[in-house]
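Structural features, examined
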Amino acid sequence: MKRNLLAVLAAATLAAPAFAQVATLTGAGATFPFPVYSKWFDEYHKVKPDLQINYQSIGSGGGIRQLTEKTVDFGASDGPMTDEQIQKAGGAVLHLPTVLGADVPAFNVEGVSELKLDGPTLAGIFLGTIAKWNDPALVKLNPGAKLPDAAITVVHRSDGSGTTYCFTDYLSKVSKEWATKVGKGTSVNWPVGLGGKGNEGVMGLVKQNPNSIGYVELIYAMQNGVPYAAVKNKAGKFLKASVEGVTAAAAGVKMPKDYRVSITDASGPKAYPISTFTWLLVYPKNPDAKGEQIKAFLRWMLKDGQRMAPALGYAPLPAVVKAKVAKTVETIQ
Amino acid sequence: MSAAAAPARTSPVERGGIPVAGPRERAGDRLFRLTVTGFAGVILLAAFALAWQLTRGSLQTWKAFGFSFLTRTVWDPVSNDFGALPFLYGTVVSSLIALLIAVPLGVGSAVFLAELAPRRVSDAVSFAVELLAAVPSVILGLMGIFVLVPAVRACEPFLSKWLGFLPLFRGAPYGIGLLSAGLILALMILPYITSIAREVLLTVPRPLKEGMYALGATRWEMVRSVSLPYARSGIVGAAFLALGRALGETMAVTMVIGNTPQISASLFNPAYSMASVIANELAEAAGDKHLSALIAIGLVLFGVTIVVNGAARLLIYKTEGRK
């Protein structure tokens, strides 16, 4: 009996290297791009069966921490790492933009299906200084709409999130008061409102509470069929968020060398203002063959992967950015 | 430990006097004793390791704010300004609301199940109650969002109309808030209280009850003066076990409490609990100070649970002592 057990154990140990022939890359981070990332890693495994990419969507903060501790091969984040964080991670981390997303202000006001908002008004609502739907600022922007004399119920995310980062980053740019009072971050100290957990939590609260407004990811608003507001961009045009508008926002921004750039409130007549990149975080130098594996995947992502993004509600990178990123990918070792 | 082990060692000899207790058996006993001692040790070690890790992880926060962390009311991850009081308040108040609702309900239904219902009905209902305890909290949370919260929202205007003279029942009817959190927690802890209280009530010796009846007592008098006093320490224990569960409950509360760190007199207003803020913000807490503050909240929660359990022990000890 014991001998049999030993034999089985021995066989198992001998068999183990056979499994190891499938190389694995592990990554962790942002939850926002998870649907498109998991699709990519799945499809890429079909193209290249000897490489398995394992991605855990534990949140941007967790991704940055795990990358810093080198427990994963790559990280992913919806907000760029700060200089301090990069120092901690050894001084150099490449930020490679993969896709783009957008936040939309979804609202629930009886009898109103179209709403126009500009930056200062949106900031006023979330600061609590614009507390009623028939506030002069709102009436001025929406002369035709039947806005009720009712208090605005503000809904925001309660969990730390890249969606919140993008939204508060935008508000900080368009409102001085917001920038000094609240600021930007994955979690902030909200002056007013209810906190819902996740996009679905915010959506649920907006749907259930009459006269409410909250921000959710574009794809979420599209799937749920709730009305969302058109937002005035830097060029003065009112735009409802769309995949094209988000890509236009990315094209309309001057790209720095390290790609750590915010594209909220971008210029360009077609640019939707509350848009953001999401990044893969990669070390410029990687051990063993991992550098080559990451490089090969990124090449594929820029070529074939990008085409899969719009179907999942993500905006693909504009051609200019794609060409630039392709060059950076080649420097990975 | 050794007192409990002693009878076990002699029992094989006593049983019919067959001398099975050879040296091998003794070795087995010893092994058994060491093993279970080890298991108990692991539990203790885990508790200490937890406290140690929580303390170590939150040192930065304690250094920055000292004990004023417990009394500060700001929570601003952007400017790294943190205080635990709103979360402490939300956790304690929502748990107390739950207890206030669930204890009378739970003990009442346990009395019915133990004293009034026919045995078969009682067993069937108890089984259903235990099933309720097995419902995952995220499911209860979803039910909270889609059923409980709209119902509470519909009720709140009436509550403030009739009871609005109390500051507890004033404010805008969002549906989401402390009241909903307390209600959903009450639902979650009810099965614990009911099933433990029923078991305890079933252990009340029959002669005691029959003695009461012989004296001409009604059923209510019997329950009040025999069953409940006899089962008191068990029921108190059940209530504290339930309270412990309520304090640490995360998911269902997060979904209905409104997640706003504020302290307000009204139960209608949104609030925040300690477990919720950890669950909400930990994954995206990129800054060290933010992370440390969240771990500090974890330590405070750990402390609150210890205090509650200590109080439960003390209370049970006292009620037992009085008997």
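It should be emphasised that the depicted structure is a prediction, and the values quoted were computed from it without experimental measurement.

1. A short note on the overall build of chain A
When its secondary structure is counted, chain A shows 13 helices and 11 strands. If one aligns the C-alpha atoms of chain A with their principal axes, the spans along those axes are about 80 × 50 × 35 Å. A total of 333 residues make up chain A; the buried ones form 49% of that total. At a minimum sequence separation of 6, the contacts of chain A that also span at least 24 residues come to 71%.

2. Here we look at the pairing of strand E2 (residues 51-56) of chain A
Put simply, side chains in a regular strand alternate between the two faces of the sheet. Residues and elements named next belong to chain A. Relative to E2, strand E1 (residues 23-29) runs parallel, the two being bridged by 6 bridges. By the bridge assignment, Ala23 is partnered in E2 with Leu51. Following the chain from E1 across helix H2 (residues 34-47) to the adjacent parallel E2, one finds a crossover that is right-handed.

3. Things to note about the nonpolar core
All names here are of chain B. Counting residues in hydrophobic clusters, the biggest one holds 167 residues, and the most contacted among them are Ile189, Ile193 and Val256. For this core, the element with the highest residue contribution is helix H6 (residues 178-202), accounting for 17 residues. When residues no more than four places from it in sequence are discounted, the contact partners of Ile189 are Ala98, Ala102, Ala242, Arg245 and Ala246.

4. Focus: the pairing of strand E6 (residues 153-157) of chain A
Residue and element names in this part refer to chain A. When you tally the buried positions in E6, you get 5 out of 5 residues, the bulk of the element. Note that E6 and strand E8 (residues 212-217) share 3 bridges and pair parallel. By the bridge assignment for E8, Val154 is matched with Ile213. When E6 meets strand E7 (residues 194-196), the two strands line up parallel, connected through 3 bridges. When the bridges of E7 are listed, Val155 appears paired with Leu194.

5. Points about the sheet that holds strand E9 (residues 230-232) of chain A
Residue and element names in this part refer to chain A. Read from one edge to the other, the open sheet built from 3 strands follows the order E5-E9-E10, with strand pairing classed as mixed. Looking at the sheet topology across the chains shown, the edges are occupied by strand E5 (116-117) and strand E10 (238-239). Looking at chain direction, E5 and E9 are connected through 2 bridges and run parallel. Bridge assignment links Lys116 to a residue of E9, and that residue is Ala230.

6. Some remarks on the interface of chain B and chain A
In this assembly, 23 residues from chain B lie in contact with 29 residues from chain A. Of all the secondary structure elements, the ones that give two or more residues to the side of chain B that touches chain A are strand E1 (75-76), helix H5 (137-163), helix H9 (251-256) and helix H10 (274-281) of chain B. Broken down by element, the side of chain B that touches chain A gets its largest block of residues, 3 residues, from H5(B). Among the residues making up the side of chain B that touches chain A, the classes are represented as 14 nonpolar, 6 polar and 3 charged.

7. A few points about the confidence of the model for chain A
Chain-level pLDDT for chain A is 88 on average; 94% of the residues reach the 70-or-more range. Across residues 14-19 of chain A the pLDDT falls below 50, and counting only partners more than four positions away or on other chains, this stretch makes 0 contacts in the model.

About the criteria used
Residues numbered from 1 in each chain as written. Chains lettered and ligands numbered in written order. Predicted model: local features only at pLDDT ≥ 70, side-chain atom pairs only at ≥ 80, totals over all residues. Helix = DSSP H or I, 4+ residues; strand = E, 2+ residues; numbered from the N terminus. Buried ≥ 20, exposed ≤ 12 C-beta atoms within 10 Å, placed from the backbone. Contact = placed C-beta atoms within 7 Å. Pairing = 2+ DSSP bridges. Right-handed = clockwise from strand over helix to strand, strands pointing away. Core = buried A, V, L, I, M, F, W, Y, C linked by C-beta atoms within 7 Å. Nonpolar A, V, L, I, M, F, W, Y, C, P; charged D, E, K, R; others polar. pLDDT = per-residue confidence, 0-100.

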